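Understanding the architecture of this molecule
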Amino acid sequence: MSIKLRAVRLKLWFGTSVVLTAAVLSGRGEVTRDYALDHPAPGSIRFTWIYGSIASATNRDPRIQVQGYNEDTYLMRENLAIHWEGPFTYLLFGNDRALLIDTGATPESKYYPLRDTVDSLIKRWCKVRGKTDVPLTVVLTSAEDIAQNQAYAQFAGRPNTTLAPLALAEAKKFFGLSDTWPTGTATLDLGGRVVTVLPTPGTHKDGLSFYDPYTAFLFSGDFIFPGRILIANDKDYLASVNRLQGFVAQQPVKWIMGGHLEMTNLPGVDYPRRTTFKPTERLLQLEPATIDEVAKYAASTMGQSEIAVRSDFILMNRVGPGARALTRPPDLPPVPATPAIRPRP
Amino acid sequence: MVAGAMLATHLAVAASAASGGRIDFPTDHPAPGTFPQKWIHGSPSLYDNKDPILQVHWYNEHTAILRENKAYNYEGCFIYLIFGNDKVILWDQGSTALRNIWPLRDLIDEVVAEWCKRNGREDIELVVTNTHLHGDHYSGWNQFVDRPNTTLVGLTHEERMAFFGFSHYPEQRVEYDLGGRKLLIWGSPGHEDSELAFYDPYTQLLCTADMFYRGRCYIGNWAKWIASMERLVKFADAFPISHLVNCHIEIAANGDDYPRASTYQPNEPPMQMNVAELRRTYEFAKKVTAPGIYFTGDVRLYDEVRSAITTEENPYVY
């Protein structure tokens, strides 16, 4: 027997949880939720992400930090002591399907047990929902991003699991974007929770972003995130950002949830590559207005070898990942200066 | 009986120390020594790294070379412990300050105790000093401030000059006597303004610290560095050198750069270098006229370029 819950009427997500648990305990079987809200689903990020440690070998944080944003949305971070990229991955549930967005920076399950973690989350979620299992789809914001595709193979052979193909042509076919890439969009129906798939090539030729109307989150991988955005093709990048502006104008976006975090809590100051101790990180979530600022600087750096340092991100065009801006834009507030290299006499 | 037994033990210890007498550190030939085939070099997952906090390698029975575990700090510095009859000198204290997460002092205590036991000593004075004043070389200094029988050389240029008796840094060469083993020490600024090079006539090892090593020689002041290189080359003309030793490895055996802050370097070349490499680098450097990053074939010169900059390419460009 199926129980329809009008989640729209429930003010607090833990209230929902209590009702759902009660439903299971009373033996009334499978629970179905209505994900059509007229506002973003409640949830909060009132915690500090694990941020590495002074000496990684002594780190005893969890290998993967898991935070339930709400009963159907899980945010995960890889421990920086396992890989300095410390990527973020996301697990969403609908009535009929779970969706894992990205797979982190480490392939070995003994170091980075992403599949085991997802299995546990799915098992617990199914218990609450009165289900025996739920199918899982694994997608990547880019199949070529080595900081987000590494644990993909952990899910190969997992029962009841669909993996989005790695090759771009196959992926387009999988999502139904073969004829409309990159201007079209596609959808992934998780069962009442319909995620929009947006081609966003620019940092990768196969870049994808995912919009979840339930949380009003835009999952953007390394296309837009609080860190060094490394443009791989500036024409594609600007076109994708402009398309995203158009999309966001039509949809409520609460936060942009990127796949990485490299900015400190000082405006325009980042942690250099391979930093494994980041105690003063910026918040992960970006406001949707950030897309407009990214668009402005994607346009102004077009065709140039340039690093645009902004408060919440650093846009890097036609430079290597280890390039550093030598000056700070005058419109950003001053921060303690790093010692300058003495000019040659 | 008891008193007699104690006296006998005491005499035995004295006899053992006296049996070798004072250790002889001859300088008419290089005392043999070895380097490990492979140093500890980090791991794919630092969280799962089970190597010791530092690898202790006895180059010979009176000379220990230690390498920092890259899972504690990516710098992976080399640290030198050189024993004489009266003193043991510790060149550098690594990149991590806190004794509870990186107990350098306890490890040094073990190494010193091991040497003392081998050589029939109760204890030996420890002198704590630095090749130069950068945080990855002095972070553990503070762990020694309350250690008994220990002399700490201060962490300012002035204190260093006063301790070693420099009046004309960097050209002046001073002698520092560890008790039958006299180190030669002189200035080699350019990477850092208080850097010292040292030479041990017993092993004929020349330590070039951070100004010349297989990796990125970060040169903050090119004029001072090239003058220091010239001093090293001239020294090598005049003195026999078994190996050049130093403080980092940042290059793969095939010459590839291990980018800054790499924590897994499975394909490292040897740390030790030779005089030919020093000369080649000096000849290469003499032709450099502008700041930039140069690969000499042996090392990379970061000529007045910020250390956080890497030369990696964006693999995703299309």
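Since this is a predicted model, take the numbers as computed values, not measurements. (Residues numbered from 1 in each chain as written. Chains lettered and ligands numbered in written order. Predicted model: local features only at pLDDT ≥ 70, side-chain atom pairs only at ≥ 80, totals over all residues.)

When helices and strands are tallied, chain A shows five helices and 16 strands. Out of the 345 residues belonging to chain A, those deemed buried represent 46%. A fraction of 65% describes how many contacts in chain A between residues 6 or more apart in sequence connect residues 24 or more apart. (Helix = DSSP H or I, 4+ residues; strand = E, 2+ residues; numbered from the N terminus. Buried ≥ 20, exposed ≤ 12 C-beta atoms within 10 Å, placed from the backbone. Contact = placed C-beta atoms within 7 Å.)

This part takes up the overall build of chain B. Looking only at helices and strands, one finds six helices and 14 strands in chain B. By principal-axis analysis of the C-alpha atoms, chain B measures approximately 90 × 45 × 35 Å. For chain B, the proportion of its 318 residues judged to be buried stands at 44%. Sequence separation of at least 24 residues holds for 60% of the intrachain contacts in chain B that already meet a minimum separation of 6.

All names here are of chain A. Mapping Gln-150 onto the fold places it in the loop between β7 (136-139) and β8 (161-163). We classify Gln-150 as buried; it has 22 C-beta atoms within 10 Å. Sequence separation between Gln-150 and Glu-78 is 72 residues; the distance between their C-alpha atoms is 12 Å. When sequence neighbours within four positions are dropped, the list of residues in contact with Gln-150 reads Thr-103, Gly-104, Ala-105, Thr-106 and Pro-107.

Here we come to the sheet that holds strand β14 (residues 300-303) of chain B. Residue and element names in this part refer to chain B. Taken together, three strands build an open sheet; the order of strands is β11-β14-β13 and the sheet is mixed. Edge positions in the sheet fall to β11 (216-219) and β13 (292-295), since each has one partner strand and no second. Averaged over all neighbouring strand pairs, the angle between strand axes comes to 15°, with direction disregarded. (Pairing = 2+ DSSP bridges. Axes fitted to C-alpha atoms, helices over the stretch in contact; angles between N-to-C directions.)

Residues and elements named next belong to chain A. In terms of burial, strand β11 (residues 208-212) is a largely internal element, five of the five residues being buried. Burial along β11 is two-sided: the face carrying Leu-208, Phe-210 and Asp-212 and the face carrying Ser-209 and Tyr-211 are both buried. Bridging between strand β10 (residues 194-199) and β11 involves four bridges; their strand directions are antiparallel. Looking at β11, one finds that Pro-199 is bridged to Leu-208. Across three bridges, the pairing between β11 and strand β12 (residues 217-221) is antiparallel.

With that settled, consider the interface of chain B and chain A. Facing the 34 residues of chain B at the interface are 32 residues of chain A. Residue composition of the side of chain B that touches chain A, by class: 17 nonpolar, eleven polar and six charged. (Nonpolar A, V, L, I, M, F, W, Y, C, P; charged D, E, K, R; others polar.)

What follows concerns the sheet that holds β8 of chain A. Residue and element names in this part refer to chain A. One open sheet holds the six strands; their spatial order is β3-β4-β5-β6-β7-β8, and the pairing between them is mixed. Whereas interior strands pair on both sides, the edge strands pair on one side only; in this sheet they are β3 (64-70) and β8. The average undirected angle you get between the axes of adjacent strands in this sheet is 20°. Two strands pair when backbone bridges link them, and strand β6 (residues 98-101) and β7 are joined in this way by four bridges, in the parallel orientation. Looking across to β7, one finds that Ile-101 is bridged to Val-139.

Describing two packed helices takes the angle between their axes plus the distance from one axis to the other. All names here are of chain A. Interhelical geometry of helix α4 (residues 234-250) versus helix α5 (residues 290-300) gives an angle of 155° and a closest axis separation of 9 Å. By the angle between their directions, the pair α4 and α5 is classed as roughly antiparallel. Both α4 and α5 take part in a crossing whose hand is left-handed. Along its contact with α4, which presents Tyr-237, Leu-238, Val-241, Asn-242, Leu-244, Gln-245 and Val-248, the element α5 presents Ile-291, Asp-292, Val-294, Ala-295, Ala-298 and Ala-299. Across the contact of α4 with α5, the residue classes break down as ten nonpolar, two polar and one charged. (Parallel < 35°, antiparallel > 145°, perpendicular 65-115°, else oblique. Left-handed = near helix turned anticlockwise from the far one by under 90°.)

A word on helix α6 (residues 275-286) of chain B. Residues and elements named next belong to chain B. A rise of 1.5 Å per residue sets the reference length of α6, with its twelve residues, at 16 Å; its end C-alpha atoms lie 17 Å apart and thus fit the reference within 8%. Within α6, the full set of buried residues consists of Leu-278, Thr-281 and Ala-285. Down the axis of α6, the sector holding all buried residues measures 65°, keeping them to one side. The outward face of α6, more than 90 degrees from its buried face, is lined by the exposed residues Ala-276, Glu-283 and Lys-286. (Expected span 1.5 Å × (residues − 1). Arc of directions from axis to C-beta.)

As a further point, take the nonpolar core. If you look at the biggest cluster of nonpolar residues, it comprises 150 residues, and the most contacted ones within it are Tyr-90, Leu-99, Ile-229 and Leu-315 of chain A together with Cys-217 of chain B. No other element matches strand β3 (residues 78-83) of chain B, which puts six residues into this core. If sequence neighbours within four positions are ignored, Cys-217 of chain B has contacts with His-191, Met-211, Phe-212, Val-299, Arg-300, Leu-301 and Tyr-302 of chain B. (Core = buried A, V, L, I, M, F, W, Y, C linked by C-beta atoms within 7 Å.)

Residue and element names in this part refer to chain A. Compared with the 22 Å implied by 1.5 Å per residue over 16 residues, the 22 Å span of helix α2 (residues 114-129) between its first and last C-alpha is a close match. Considered for burial, the residues of α2 that qualify are Leu-114, Arg-115, Thr-117, Val-118, Ile-122 and Arg-129. What you see down the axis of α2 is that its buried residues fit within an arc of 160°, all on one side. In this structure, α2 carries Ser-120, Lys-123, Arg-124 and Lys-127 as exposed residues pointing more than 90 degrees from its buried face. Phi turns positive, to about 70°, at Gly-130, one or two residues after α2.

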